Amino acid sequence: GVQTCALPICFGVGDDSRGYLGDGWSVAESESTWSDGPAADVALPPCPEPGAYVVRVIGRPFVEGAALPKQSVEIAINGETVGRCAIKDYALIECPVPAHAVLGGQPLRIELRFPDATAPRPLNGADDDRLLALSLYRLTLERLGAIQGG
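So, here's what we can say about the structure. (Residues numbered from 1 in each chain as written. Predicted model: local features only at pLDDT ≥ 70, side-chain atom pairs only at ≥ 80, totals over all residues. Heavy atoms only, no water.)

Thoughts on the packing of aromatic side chains
This structure, assessed with the given rule, holds two aromatic pairs. Look at Trp-34 and Phe-62: their rings are 6.4 Å apart centre to centre, the planes differ by 85°, and that puts the pair in the edge-to-face class. Within this pair, whereas Trp-34 is found in strand β3 (residues 33–35), its partner Phe-62 is found in the loop between β5 (53–61) and β6 (71–77), the two being separated by 28 residues in sequence. An identical accessibility class is assigned to Trp-34 and Phe-62; each is buried. (Phe/Tyr/Trp six-rings, centres within 6.5 Å; stacked < 30°, edge-to-face > 60°. Helix = DSSP H or I, 4+ residues; strand = E, 2+ residues; numbered from the N terminus. Buried < 20%, exposed > 50% of the residue type's maximum accessible area, 1.4 Å probe, protein only.)

If you want it as structure tokens, here you go:
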């Protein structure tokens, strides 16, 4: 089928996400894929038509009690920072797509940055040395105001 921007991309085992994932990701798990390192990339096809778009990221942070109560997430699209937040639980993060990224007709490079990425082993003794921050479940690019009719 034709790739469009509006399809939600899911990141579990068996989902068609590997073609979108760039650097900074671990292997897919049952419903999601963990980031591994201080940053991770997702590549999307160009926006199909002009308009205002938002990127929606659904994920769960790696947290560990008082030692690591939240994860900071910074999102950049084609090099421009569009949002920052701190998440403590399963969350929806929504950011605008810069107009120049829509109009350029170029693929969208979504960079997620994780200044608090941490290995589980020193925190909870788990046999895991990955630098975890975000377990990514879904990512969607949606055009605002695209609903037709009354």
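Here we look at the sheet that holds strand β9 (residues 108–113)
By definition, the strands of a sheet pair up through backbone hydrogen bonds, in either a parallel or an antiparallel sense. The antiparallel open sheet is built from four strands, whose spatial order is β4-β9-β6-β7. Where the open sheet ends on each side, the last strands, each with one partner, are β4 (39–44) and β7 (80–87). Each strand axis lies, on average, 20° off the axis of its neighbour in the sheet, ignoring direction. Of the strand pairs in this sheet, β6 and β7 are connected by seven bridges, and their pairing is antiparallel. Each residue of the ladder has a partner; that of Ile-77, found in β7, is Glu-80. (Pairing = 2+ DSSP bridges. Axes fitted to C-alpha atoms, helices over the stretch in contact; angles between N-to-C directions.)

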